[in-house]
Amino acid sequence: EGMAPPKRILFPPEKICMVWQQRQSAGAGLFNVGNTCFLNAVLQCLTYTPPLANYLLSREHSRACHQQGFCMMCIMEAHVNRVLHSPVSAILPLTVLKVFRRKSCQVLRQIFFPSCMRELQTSFLDIGEHFQPGREEDAHDFLCCTVNAMQRACLSASNDLDLSSQSTTIVYQIFGGFLRSRVTCFSCKAISDSYEAFLDVPLDIKAASSLTAALEDFVTPEHMDGDNCFKCNKCKKNVAASKRFTVHSAPKILTVCLKRFDCFTGGKISKVVEYPEYLDLRPYMSQADGEPLHYSLYAVLVHSGVSCHGGHYFCYTKASNGLWYQMDDEFVELRCIDTALKQQAYLLFYAR
């Protein structure tokens with residue numbers, strides 16, 4: 001609403017397939033080559049995102065790509081094809097890995113680490129300027145930078161596109177949605193709406209014990225008064241008002257970040273926050289009345305540790321065969337859904 005229609009459609013929405021086109025067990029794990037657990041966990045969650053994986057497995061992007069140098073979509077395409085076409089049994093046993101780690105991590109990199117992952121590691125600056133190989137990074141930060149890098153790759157062949165057209169890439173059509181911010185003046189009841197694109201929804205969990213409670217808090221109106229009052233265009237003065245966020249346009253893939261880390265102290269909220277296998281987003285939409293908007297959980301990224309400055313990342317993902325697996329660097333093990341639902345989740349991935 002309020003936006004001009006796109007002048008170009010960069011990827012036909014009818015070609016996005018939300019159902020796996022190939023059904024198989026989980027693919028390969030990923031070696032940790034020095035504090036890369038955050039990278040491994042994020043890449044595994046993206047690898048098992050059905051509409052993205054379907055597109056990357058088709059190799060449609062690389063056939064049409066003419067970008068010189070670094071291309072995040074080409075790297076992800078090579079990565080997903082290699083991981084999903086490699087049997088889990090091909091991963092080296094732990095005892096052999098320990099020998100190679102003791103001898104030389106460089107040997108491990110050269111022989112066993114996939115070439116596309118090596119390129120990804122050495123191309124941190126192309127994803128985010130602040131990333132440094134060998135240093136533990138924040139998984140949510142890396143996810144945001146990776147998705148934005150894929151978006152830039154999709155736009156590389158198009159110049160001077162309007163904002164509406166930029167949102168028609170396959171990346172934004174999969175992950176992107178819009179929030180509405182509605183401010184209501186208490187004096188004259190005038191309504192002011194603004195809209196903001198999002199690729200994920202960060203949720204405060206300080207006062208919430210569940211995902212649904214955090215979503216309820218997210219859409220609860222905020223009182224604006226005093227130093228935080230609203231300048232009403234109709235009243236021509238600063239007035240008390242209410243401000244409410246709602247999901248205005250729902251994404252195909254809903255990514256939720258449970259805000260466990262304090263950016264000032266580095267501390268972590270370690271309490272249990274329950275999250276369901278199936279989620280109805282309708283109550284949190286601008287149009288709350290209507291048919292249910294069902295989402296199904298397919299990946300859970302977990303942080304273990306006491307602060308954002310250390311710890312370990314791993315994830316649980318639902319493979320195309322419908323079974324859940326724990327992916328902890330090179331280890332890929334079958335798990336039940338009940339185990340996946342009882343984790344100290346940091347990032348949650350839901351598919352419509």
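None of the values given here were measured: they were computed from a predicted structure. (Residues numbered from 1 in each chain as written. Predicted model: local features only at pLDDT ≥ 70, side-chain atom pairs only at ≥ 80, totals over all residues. Heavy atoms only, no water.)

J.: Explanation requested: the state of the cysteines in the structure shown.
T.: Note: disulfide means a covalent bond formed between the sulfur atoms of two cysteine side chains. The full count for this structure, using the stated rule, is zero disulfides. The closest cysteine sulfur to the non-disulfide-bonded C74 is located on C71, 3.6 Å from its own sulfur. Judged by relative accessible area, which is 25%, C74 ranks as partly exposed. We note that C185 lacks a disulfide partner, and the nearest cysteine sulfur, in C188, lies 3.7 Å from it. Overall, the relative accessible area of 1% leaves C185 in the buried class. (Disulfide = S-S within 2.5 Å. Buried < 20%, exposed > 50% of the residue type's maximum accessible area, 1.4 Å probe, protein only.)

J.: Is there a simple way to explain the environment of K234 in this structure?
T.: You can see K234 is positioned in the loop between β5 (230-232) and β6 (237-239). Along the primary structure K234 and I191 are separated by 43 residues, whereas in three dimensions their C-alpha atoms are 9.7 Å apart. Residues in contact with K234, not counting those within four places in the same chain, are C188 and A190. (Helix = DSSP H or I, 4+ residues; strand = E, 2+ residues; numbered from the N terminus. Contact = heavy atoms within 4.5 Å.)

J.: I would appreciate a short explanation of the packing of aromatic side chains in the present structure.
T.: In this description, an aromatic ring pair is defined by two values, namely the gap between the centres and the angle between the planes. If you walk through the whole model with that rule in mind, you get seven aromatic pairs. Ring geometry for F11 and Y55: centres 5.3 Å apart, planes at 85°, overall edge-to-face. Linking F11 in the segment before α1 (37-47) with Y55 in helix α2 (residues 50-57), this pair joins segments that are 44 residues apart in sequence. Given the relative accessible area of 6%, F11 is considered buried. Using a relative accessible area of 10% as the deciding quantity, one classes Y55 as buried. Aromatic ring contacts, followed pair by pair, group F261, Y313 and Y346 into a single cluster. (Phe/Tyr/Trp six-rings, centres within 6.5 Å; stacked < 30°, edge-to-face > 60°.)

Without other data, these values stay purely geometric and don't point to any function.
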